[in-house]
Amino acid sequence: MNVVSDSGRVTFMVLAVASCLYALLGAVGFLQVANSGRNAIRERVTEVVDQLEAGLRAGSPTVSINTPDGVTALVVAPGNALPQAFGAEIRVDRDITVGGTALHLVGRASQARLTESLRSLFRGLWIAIPSAAVITALLAGLATRRALRPVGNITRLAETIGGNDTDARVP
């Protein structure tokens, strides 16, 4: 039994398992953050569309709302062309009737800030996941080597005992 090769095999297996596990956890976490961000933007756009609808129902002449955080909501009369989508944006559409007039509300916000944040997170995961896997494997290798040291000592002692040493024993 070679303690060094056993320790190396254990270290390699820990590296392989840790890499797969950390990659899976990183991917799930990344997707969770991305979905949460998109849902937060969608909720914010819906809030602004709700504000516009409440104003219209209260008799306000407001036909659009632009917020400081980049959300836009506007009224589109029936028959008019809907605004074009701009790249990666979240859009909320709603049909309402106010005073017998059918209106279409459109709310939208860009995902640019979320996309940039996700890019930063992605780059960070490319560094963190391999680093964590290597550190885990190194610690596992040290622990395995330390745990198998007494086995190596016993193996070496057993190899020194010959057929003529009837009094020699392995602890």
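Nothing here was measured: the structure is a model prediction, and the numbers come from that model.

Asker: Just to check I follow, could you spell out the overall build of the protein for this structure?
Answerer: Looking only at helices and strands, the protein features two helices and four strands. Seen in sequence order, the protein has helices and strands lined up from the N terminus as α-β-β-β-β-α. For the protein, with 171 residues in total, the buried portion stands at 27%.

Asker: In this structure, what is going on with a nonpolar patch on the surface? I would like to understand it.
Answerer: A surface patch of nonpolar side chains, amounting to about 330 Å² of accessible area, comprises F12, M13 and V17. The residue M13 is located in helix α1 (residues 3-57) in this model.

Asker: Can you walk me through the pairing of strand β3 (residues 89-98) in this structure?
Answerer: The side chains of a regular strand alternate between the sheet's two faces. Relative to strand β4 (residues 101-110), β3 is paired through 10 bridges, and the arrangement is antiparallel. Each residue of the ladder has a partner; that of E89, found in β4, is S110.

Asker: How do you make sense of the environment of P78 when you look at a structure like this?
Answerer: As for its position among the elements, P78 is in the loop between β2 (72-76) and β3. Judged by relative accessible area, P78 falls into the exposed class, the value being 55%. When the C-alpha atoms of P78 and D95 are compared, they prove to be 9.6 Å apart, with 17 residues separating the residues in sequence.

Asker: Help me understand the sheet that holds β3 in this model?
Answerer: Backbone hydrogen bonds hold the strands of a sheet together, and the pairing may be parallel or antiparallel. As summarised here, the arrangement of the four strands in space is β1-β2-β4-β3, forming an open sheet in which the pairing is antiparallel. Only two strands of the sheet have a single partner each, and these edge strands are β1 (64-66) and β3. Geometrically, the sheet is characterised by an average inter-axis angle of 15° between neighbouring strands, direction not taken into account. In terms of strand pairing, β1 meets β2 through three bridges, oriented antiparallel. Each residue of the ladder has a partner; that of I65, found in β2, is A73.

The rules behind each value
Residues numbered from 1 in each chain as written. Predicted model: local features only at pLDDT ≥ 70, side-chain atom pairs only at ≥ 80, totals over all residues. Heavy atoms only, no water. Helix = DSSP H or I, 4+ residues; strand = E, 2+ residues; numbered from the N terminus. Buried < 20%, exposed > 50% of the residue type's maximum accessible area, 1.4 Å probe, protein only. Patch = residues over 30% accessible without salt bridge, like charges linked within 9 Å, V, L, I, M, F, W, Y side chains within 5 Å. Areas by Shrake-Rupley, 256 points an atom, 1.4 Å probe, with all protein chains shown as cover. Salt bridge = Lys/Arg side-chain N within 4 Å of Asp/Glu carboxyl O. Pairing = 2+ DSSP bridges. Axes fitted to C-alpha atoms, helices over the stretch in contact; angles between N-to-C directions.

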